[in-house]
Amino acid sequence: MLRFPNCKINIGLYILNRRPDGFHNIQSIFYPLHFLSDALEIVESQDDSDHFFVSGIPINEPIGENICYKAVKLLRKKYQFPSINLYLKKMVPMGAGLGGGSADATCTLMMLNELFDLNISHHQMIQYASELGSDCAFFVNSTPQLGEGRGELLSQVDVSLTGKYLLIIKPDIHVSTAVAFQKVNPNNTRLPLINLLKNDIYLWKDLIFNDFESSVFESYPQIASIKKMLYEMGATYAQMSGSGAACYGIYNEKPKMDELPNGWISFGGVL
């Protein structure tokens, strides 16, 4: 079985307050990007062991720390199914705020459910995905959704960027999400993000913000310069996604691009 787990961007990301469990309550719009994905294949193994194979962008972590491995182990605690070979080709950059790893993990859960007829309900699938990561549950439906709580409390939103062109630029920088959270200043006194989203996209620049940008831009001025460049190229709205390091710009048509600095990578496509 072969699938192509897509990634996402955040439209706005508000850090509201710190919770007793050490996490933070947030508000963010998760928007799926179907033109940028990894490739994930799962087949039944010929022996009694699970095997994991990774290609594409190098993953600098032990296989036991890989979130797809954790997804398989999570279901093995609850269901009986044959050993597998899992092949992951990484195309979505890591440390970018695009949720590539979360998408892979959720896709692993859903593929195992389908491949081995585990009969996991939609509600239970969301619960399992939430155990793996705060934004994993989004990828069960992978439609525009408002994320609240840690990001796992989801509700559909009526927002469409269909026909817009999206440009993503990521510098050769890895931003630690944990460190980004430590430096952010929570604020729960603003208008709900869902209300601000109803404004015309041309007004989003002055209304919808990512709370991580202030501290991340201070630590990594190169990321701030990317957001500025996206606006200079004609974006109607630009933002850093998640805790970074990628920034995106939304355009009415494909922008003209000069050669990017060494170490920067870019992706573009029609939404």
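Residues numbered from 1 in each chain as written. Predicted model: local features only at pLDDT ≥ 70, side-chain atom pairs only at ≥ 80, totals over all residues. Heavy atoms only, no water.

## Remarks on the overall build of the protein chain
Looking only at helices and strands, the protein chain features 8 helices and 12 strands. Its C-alpha radius of gyration of 19 Å places the protein chain within 12% of the 18 Å reference for a compact globule of 271 residues. Considering the protein chain as a whole, with its 271 residues, one finds that 52% of them fall into the buried category. Long-range contacts, defined as pairs at least 24 residues apart, comprise 74% of the intrachain contacts of the protein chain with a sequence gap of at least 6. Summed over all atoms, the accessible surface of the protein chain reaches about 12,900 Å², with 50% contributed by carbon and sulfur. On the protein chain, the mean spot of the 22 positive side-chain charges and the mean spot of the 27 negative ones are 4 Å from each other. (Helix = DSSP H or I, 4+ residues; strand = E, 2+ residues; numbered from the N terminus. Rg over C-alpha atoms; globule rule 2.2 N^0.38 Å. Buried < 20%, exposed > 50% of the residue type's maximum accessible area, 1.4 Å probe, protein only. Contact = heavy atoms within 4.5 Å. Areas by Shrake-Rupley, 256 points an atom, 1.4 Å probe, with all protein chains shown as cover. Lys, Arg positive; Asp, Glu negative; His and termini not counted. Charge placed at Lys NZ, Arg CZ, Asp CG, Glu CD.)

## Thoughts on the sheet that holds strand S1 (residues 2–3)
With mixed pairing, the 4 strands of this open sheet are ordered in space as S1-S4-S6-S5. Strands with a single pairing partner mark the edges of an open sheet, and in this sheet they are S1 and strand S5 (51–56). Pairing geometry for S5 and strand S6 (residues 84–90), over 6 bridges, is parallel. Bridge pairing in S6 links glycine 56 to lysine 90. The strands touched by helix H1 (residues 67–76) within the sheet are S5 and S6, with S6 carrying the most contacts at an inclination of about 150°. (Pairing = 2+ DSSP bridges. Axes fitted to C-alpha atoms, helices over the stretch in contact; angles between N-to-C directions.)

## Notes on the environment of glutamine 182
With respect to the helices, strands and loops of the structure, glutamine 182 is situated in helix H5 (residues 177–183). Judged by its relative accessible area of 65%, glutamine 182 is exposed. Expressed as a C-alpha distance, the spacing of glutamine 182 and serine 215, which sit 33 residues apart in the sequence, is 9.6 Å.

## Regarding unusual backbone geometry
Excluding glycine, residues mostly have negative phi values, and the peptide bonds linking residues are mostly trans. Residue alanine 245 is reached from glycine 244 by a cis peptide bond, and omega for that bond is 20°. Its place among the elements puts alanine 245 in the loop between strand S10 (237–240) and strand S11 (247–251). Although it is not a glycine, asparagine 119 adopts a positive phi angle of roughly 60°. On the secondary structure map, asparagine 119 appears in the loop between helix H2 (100–115) and helix H3 (122–132).

## Quick word on the state of the cysteines
Applying the stated rule across the entire model yields 0 disulfides. You can see cysteine 68 has no disulfide; the closest cysteine sulfur is in cysteine 107, sitting 8.2 Å from it. Lacking any disulfide linkage, cysteine 136 is separated from the closest cysteine sulfur, that of cysteine 68, by 9.5 Å. (Disulfide = S-S within 2.5 Å.)

## Focus: the packing of aromatic side chains
The description of an aromatic ring pair uses the distance of the two centres, along with the angle that the planes make with each other. All chains considered together, the criterion is met by 9 aromatic pairs. Taking 4.9 Å as the distance between ring centres and 85° as the angle between the ring planes, the aromatic pair formed by phenylalanine 181 and phenylalanine 212 counts as edge-to-face. Taken together, the residues phenylalanine 181 in helix H5 and phenylalanine 212 in the loop between helix H6 (193–196) and helix H7 (213–219) connect sequence positions 31 residues apart. Owing to a relative accessible area of 2%, phenylalanine 212 belongs among the buried residues under this scheme. Site record: aromatic cluster; members linked through ring pairs are Phe30, Phe138 and Phe139. Taking the ring centre of phenylalanine 23 as reference, the NZ or CZ of arginine 150 above it sits at 5.1 Å. (Phe/Tyr/Trp six-rings, centres within 6.5 Å; stacked < 30°, edge-to-face > 60°. Lys NZ or Arg CZ within 6 Å of the ring centre and 35° of its normal.)

By themselves, these figures tell us nothing about what the structure is for.
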